[in-house]
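Coordinate inspection notes
If you want the building blocks of each chain, they are given just below.
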Amino acid sequence: MRSILASLVQLATTVLVIAAVILVILVPLSLAQPDPGAVLFAFLLGPFDSVRHIGNIAEAATPIALTGLASTVIFRAGMFNLGTEGGFFLGGLGAAAFAIMVGVQGPLAAPLAILAGACIGSVACVVPGYLRVRHGAPEMVTSLVFNFALLFAGLLFLSYVLRDPTAGALTSPKIPADARLDRLLQGTRLNSGAIIAVLACILGGVWLFATRSGLNTRIVGSSPGFAAHLGLPITRITMATQVVGGLIAGMAGAVEVLGLYTRFTWVSLPGLGWTGIIVAILARENPFLIIPAALFLGYLQVGGDILGRSMDIPSEIVGILTAAIMVAVTAKIIFENPRLLRAIRSIKQQEAK
């Protein structure tokens, strides 16, 4: 009962923070418009005014739910590995390359392409994790740099191996239809990747909170000294979480490319790995809470898009509004989470050395 009350208090304070940001930014902005009520309606209720907009929310939430799960698994082992962004990019590129170059046909085409993307994307998290456990290199720094190294390596591969010479831009040939994910909702781009994301989050929660392996991971992440006293294989557990987190990040990129695109067209880091870190923080590193956290960010994105399209409001102002809500909510949760505060202090100590 006490934990339920504590959760309700945290939820209430989060709602108050969101209301305060809306009161400070959105209300004055709406008062400057001819119809203030329409501005508030467009942002707050517009995402729910049609099936298409609700589908857009789920579509936006799908990739960041998976990258949020990847970050959660990594964070739970006490690592601040930012390789999920590079893993997402590599996963999308690897899945597209596998589907185009190997050319598997039939119902196994999409699952095998996703598996290939997951394996290739995992490299982005495994290398910084290995450098940390073997050589003590700060994983935050190495993963941040490695992300961009992987980006340019991927662009080199796209330019000289995978590029469609008949296209007028840097893009791959068309991805075979068999490898693309099925659409779930007419009129939207919501696809079967959403089902994969929901199942992955549920399985991640069951593993973390209902298995011995998940318990050992939580002990290693929250109290390395106690884990050593218990004789847990800290290095092996830490590396295993980096592999699993990388696989999930790569799967997220593969799902995104196979679900939404006909060709691979990314020429920069998509940024959905960074957003996944915010999702993990919002969900308090709980896989079961990742789905509502991702839906919340998807709701903000769709509400901002509707506001920008339907009202005479510059997109920069809409971006400031959504960013302010995300920053305020994330900051509140960080200051309520002692483990995140310890991680931030650890990063500052590493930077000071």
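Everything below is about the structure shown above.
Let me begin by describing the structure that accompanies this report. Residues take numbers from 1 onward in each chain, read along the sequence in its written order. Only residues with pLDDT of at least 70 are given local features in this predicted model, and only at 80 or more are side-chain atom pairs given and counted; all residues enter the totals for whole chains, interfaces and linings. For the side-chain quantities, the full set of heavy atoms in the structure was used; hydrogens and water were omitted.

Put simply, a nonpolar core is a bunch of buried Ala, Val, Leu, Ile, Met, Phe, Trp, Tyr and Cys residues held in one set by side-chain atoms that sit within 4.5 Å of each other. Working definition: with a 1.4 Å probe on protein chains only, accessible area under 20% of the residue-type maximum means buried, over 50% means exposed, and in between means partly exposed. L26, L66, F264, L307 and I325 are the most contacted members of the largest nonpolar core, which has 77 residues in total. Not counting chain neighbours up to four residues away, the residues in contact with L66 comprise A197, A200, I248, M251, A252 and V255. Counting residues in each nonpolar core, the second largest holds five residues, with I219, V220, L232 and I237 among its members. Note on contacts: a residue pair qualifies if any of its non-hydrogen atoms lie within 4.5 Å across the two residues.

This next bit is on the packing of helix α3 (residues 51-76) against helix α13 (residues 287-310). Only the stretch in contact is used when a helix axis is fitted, and all axes are lines through C-alpha atoms; the angle between N-to-C directions ranges over 0 to 180 degrees. Strands are runs of DSSP state E lasting at least two residues, helices are runs of H or I lasting at least four, and both sets are numbered from the N terminus onward. For the pair α3 and α13, the least separation of the axes is 7 Å and the interaxial angle reads 135°. Between α3 and α13, the angle is such that the two are oblique. Crossing geometry of α3 relative to α13 is assigned as right-handed. Each of H53, N56, I57, A58, A60, A61, I64, A65, G68, L69 and T72 in α3 lies in contact with α13, whose residues at this interface are P287, I290, A294, L295, L297, G298, Y299, Q301, V302, I306 and R309. The classification used treats Ala, Val, Leu, Ile, Met, Phe, Trp, Tyr, Cys and Pro as nonpolar, Asp, Glu, Lys and Arg as charged, and all other residues, Gly among them, as polar. For the contact of α3 with α13, the per-class residue count stands at 15 nonpolar, six polar and one charged. Roughly parallel here means an angle under 35 degrees, roughly antiparallel means over 145, roughly perpendicular means 65 to 115, and every remaining angle is called oblique. In a left-handed crossing the near helix is turned counterclockwise from the far helix by less than a right angle, and in a right-handed crossing that turn is clockwise.

Okay, the side chain of N216 next. Position of N216 among the secondary structure elements: in helix α9 (residues 212-222). Residue classification places N216 among the buried residues on the basis of a relative accessible area of 19%.

For patches, a residue must show more than 30% relative accessible area and have no salt bridge; joins then use 9 Å for like charges and 5 Å for nonpolar side chains, namely Val, Leu, Ile, Met, Phe, Trp and Tyr. All accessible-area figures derive from a Shrake-Rupley calculation using a 1.4 Å probe, and residue coverage is judged against the displayed protein chains alone. Any Lys or Arg side-chain nitrogen located within 4 Å of an Asp or Glu carboxyl oxygen qualifies as a salt bridge. On the surface, M101, V102, L156, Y160 and V161 cluster together into a nonpolar patch covering about 570 Å² of accessible area. It is helix α7 (residues 139-162) that provides the largest number of residues to the nonpolar patch, a total of three residues. With respect to the helices and strands, V102 occurs in the loop between α4 (84-101) and α5 (109-121).

Along the chain, V127 turns up in helix α6 (residues 123-135). Spatially, the C-alpha atoms of V127 and C201 are 24 Å apart, while their sequence positions differ by 74 residues.

Moving on, we come to α3. One turn of the α-helix equals 3.6 residues, which is why residues spaced by three or four share an orientation. A helix is expected to reach a length of 1.5 Å times the quantity of its residues less one. For α3, with 26 residues, the first-to-last C-alpha span of 36 Å sits near the 38 Å given by 1.5 Å per residue. Its axis deflected by about 30° at T62, α3 carries its strongest bend there, up to four residues before the proline P63. The buried fraction of α3 is high, at 22 of 26 residues. Positive phi appears at G78, one or two residues downstream of α3, with a value of about 85°. Note on bend: at a given residue it equals the angle between the axes fitted to the 7 residues ending there and to the 7 starting there.

Once that is clear, we can look at the packing of α3 against helix α11 (residues 234-260). Their axes nearest at 7 Å, the elements α3 and α11 cross at an angle of 170°. Accordingly, the angle class assigned to the pair α3 and α11 is roughly antiparallel. Residues E59, T62, P63, L66, T67, L69, A70, V73 and I74 of α3 touch α11, and the partners they reach there are T241, Q242, V244, G245, I248, A249, M251, A252, V255, E256 and L260.

As a further point, take the packing of aromatic side chains. The pairing test for Phe, Tyr and Trp rings, Trp by its six-membered ring, is centres within 6.5 Å, and the orientation test on the planes gives stacked under 30 degrees, edge-to-face over 60, and tilted for anything in between. As enumerated under the stated definition, the model contains eight aromatic pairs in all. Here F48 and Y299 contribute two aromatic rings whose centre-to-centre distance is 5.4 Å and whose plane-to-plane angle is 15°, an arrangement assigned as stacked. One end of the pair, F48, is in the loop between α2 (36-44) and α3; the other, Y299, is in helix α13, and 251 residues separate them in sequence. Look at Y299 and you get buried, because its relative accessible area is 15%.

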